[in-house]
Amino acid sequence: MKKTLLIVDDKLKLCETLAQTFEQIGYQAFYALNGREALRMCATQQIHVVLLDMMLGEENGIDVLKQIVLLYQHLPVIMMTGYASVETAVQSLKLGACDYVKKPLDFEQLVNVVENAIHLSAFSTVPQERQYALTEDEFPCIVTQHPAMLAICQKAKKLAATDLPVLITGENGTGKEILADFIHLHSTRKAHKMLKINCAAFPETLLDNELFGHEKGAFTGATTAFKGVFEKADASSLFLDEIGDMSLAIQAKILRTLQNREIRRLGGHNTITVDVRFIAATNKDLKKLIQAEKFREDLLYRLNTAVLSIPPLRERQEDIPLLLDYFLRQHSHANAAQIKHVSDAVQEQLRAYHWPGNVRELKNVISYAAAVSAHPTIELEDLPPDFLDMPQRHAPENIREEMEKNLILSMLEKTSYNKKKTAELLNMGRKTLYRKLKKYGIAAPE
Ligand SMILES: Nc1ncnc2c1ncn2[C@@H]1O[C@H](COP(=O)(O)OP(=O)(O)OP(=O)(O)O)[C@@H](O)[C@H]1O
């Protein structure tokens, strides 16, 4: 397989020349002229190494570096810098770049640095993934370029460095489990496999047994002792999915475990100390469950210190084309087939849909369409038959609304999603801006 290189520089000529030169020595080279395009390439191409310029026009290469390191922690990034900015280059090493080269570029030296980076990354990172018992394809990768999602990943990475319990909320299929994987893989516990349990999948007594285990003779048929997931996850992390679906009695036991870091097996007399990092997820509104007396308030308080709320896909439409490319590439890889593309009409349809099943639904729709389409381009008739009959998202009702939405989006981009500045530039009150963001389904990070 060819080694692939991504060149990120705002100067097209330089990108083209570098790409050509690397292709001449057997590389496959891609280029991107800005950070957005760079993230898109990382998500949709199998890149082995990134060559990133420090000055990307109005953008700062360091910001792009931070985003790449955040989402693709195993991807080596080499910074390209002018003589004057060696200090910044050193700073970039602290932020996760693996090396830097000075401009004007000495091609021979550059090739050495690139080869070295690929060599080192193959040895230092892949074994860790293997240890985690995932193949490279299964390695969880959060594909996004939406500011709200990037902010969530940033926060998740910070939380990963602590041992705080984390609560992840979001609708079905928004990526709660993949975010839990991300936290675990950024934590000091990553060498151990994270255990996962779906609380909604078990009736109460079975869930109790799965979580806390039992002693021999605890009940008829308990011929041997059994370790629950809390014990099995010792020194690692435990992902409790659908925690809104647990009985109050189990919630009380979980709370005790969180507080005392110990459990007692069913039928056991001794307490067992467990060292487990706790990540929980729910698609339910836990406050509402508390009102309905189905969820313990004290458990929510315990979990509430670190909450990550993933926005639904319809509020981050910008991610749709990116995810689309990513899933098409996955599909082609899994089926050893050529990568397919989608027609403009399909793109339009996908953007207008309201995605109640979020990213999982998008993945399923794309896998289906890629499998049934007989041509390199996926057309409307390749989409699942019931998909076209589904209700569409609230689209702007008239041209004025369309213009208003686009104006807000461009001002948000211009101010790096600073809502105060955006409201000022648009000459509207902050409350009005919030109302309009909600109306048009625009997610903007706090
Ligand atoms: N940002 C993303 N990038 C790439 N893949 C994603 C992303 N978000 C979700 N997925 C994929 O979509 C599918 C659903 O994601 P996941 O299982 O993490 O969602 P969930 O919120 O935990 O779902 P549920 O609420 O049903 O348990 C998975 O195959 C996951 O890999």
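- Per an unreviewed UniProt entry, the protein chain goes by the name Two component, sigma54 specific, transcriptional regulator, Fis family and belongs to Vecturithrix granuli.

### Here we look at the overall build of the protein chain
In step 1: Each helix and strand in the protein chain was counted, giving 19 helices and 16 strands.
In step 2: Against the globule reference of 22 Å for 446 residues, the protein chain gives a C-alpha radius of gyration of 24 Å, in line with a compact fold.
In step 3: Overall, the C-alpha framework of the protein chain stretches about 75 × 55 × 50 Å when taken along its three principal axes.
In step 4: Buried positions account for 32% of the 446 residues belonging to the protein chain.
In step 5: The long-range fraction of contacts in the protein chain, counting pairs at least 24 apart against all pairs at least 6 apart in sequence, stands at 70%.

### Digging into the site of the ligand
In step 1: Taken together, 17 residues are adjacent to the ligand, and V143, G175, K176, E177 and V359 come closest.
In step 2: Broken down by secondary-structure element, the contributors of at least two residues to the shell around the ligand are α8 (176-185) and α16 (358-372).
In step 3: A breakdown of the residues in the shell around the ligand according to their chemical character gives five nonpolar, seven polar and five charged.
In step 4: Composition of the shell around the ligand by domain shows at least three residues from each of domain 2 (147-309) and domain 3 (315-389).

### Focus on the packing of helix α7 (residues 147-160) against α8
In step 1: As a packed pair, α7 and α8 sit with axes 8 Å apart at the nearest point and diverge in direction by 45°. In this view, α7 runs oblique relative to α8, as classed from their interaxial angle. As for how α7 packs across α8, the hand of that crossing is right-handed. Of the residues in α8, those touching α7 at C153, A156, L159 and A160 are L179, F182 and I183.
In step 2: Of the residues assigned to the contact of α7 with α8, the class counts are seven nonpolar, no polar and no charged.

### Describing the confidence of the model for the protein chain
Close reading of the predicted structure is inappropriate where its pLDDT is low.
In step 1: In the predicted model, the protein chain carries a mean pLDDT of 87, and the fraction of residues at 70 or more is 92%.
In step 2: Mean pLDDT values for the elements of the protein chain range from 34 in helix α6 (residues 126-131) up to 97 in strand β8 (residues 166-169).
In step 3: In this model, residues 124-138 is a region of pLDDT below 50 whose contacts with residues beyond four sequence positions or in other chains number eleven contacts.
In step 4: Scoring of the predicted complex yields 0.77 for pTM and 0.99 for ipTM.

### Brief notes about the nonpolar core
In step 1: Of all hydrophobic cores here, the largest spans 97 residues; its most connected members are L6, V8, V50, L52, V77, I78 and M79.
In step 2: If you tally residues by element for this core, the top one is α16, at six residues.
In step 3: The contacts of V50, once residues within four sequence positions are left out, are L6, V8, I68, L75, V77 and I78.
In step 4: Of all hydrophobic cores here, the second largest spans five residues; its members include L412, Y417, I442 and A443.

Parameters and conventions
Here the residue index of a chain counts from 1 through its sequence in written order. In keeping with the model being predicted, local features are shown solely for residues with a pLDDT of at least 70 and side-chain atom pairs are shown and tallied solely at 80 or more, while totals for entire chains, interfaces and linings include all residues. In this description a helix means any DSSP run of H or I spanning at least four residues, a strand means any run of E spanning at least two, and both kinds are numbered starting from the N terminus. Using C-alpha atoms as the atom set, the radius of gyration is obtained and then compared with a globule rule of 2.2 Å times the number of residues to the power 0.38. Counting other C-beta atoms within 10 Å of each residue's C-beta, where C-beta atoms are placed from the backbone, gives the exposure class: buried for 20 or more, exposed for 12 or fewer, partly exposed between. The contact criterion used is a C-beta to C-beta distance within 7 Å, with each C-beta placed from the backbone. Whether a residue is near a molecule or strand depends on its C-beta atom, placed from the backbone, lying within 6 Å of it. Each residue is assigned to one of three groups, with Ala, Val, Leu, Ile, Met, Phe, Trp, Tyr, Cys and Pro labelled nonpolar, Asp, Glu, Lys and Arg labelled charged, and all others, Gly among them, labelled polar. Segmentation into domains, and thus their bounds, comes from an automatic or database assignment. Orientation is described by axes fitted as lines to C-alpha atoms, over the contacting stretch for helices, and by angles from 0 to 180 degrees between their N-to-C directions. For classification purposes, an angle smaller than 35 degrees is called roughly parallel, one larger than 145 roughly antiparallel, one from 65 to 115 roughly perpendicular, and anything else oblique. Helix crossings get a hand from a simple test, with the near helix turned counterclockwise from the far one by less than a right angle marking a left-handed crossing and a clockwise turn marking a right-handed one. pLDDT gives the predictor's per-residue confidence on a scale running from 0 to 100. By convention in this section, buried Ala, Val, Leu, Ile, Met, Phe, Trp, Tyr and Cys residues joined through C-beta atoms within 7 Å make up a nonpolar core.

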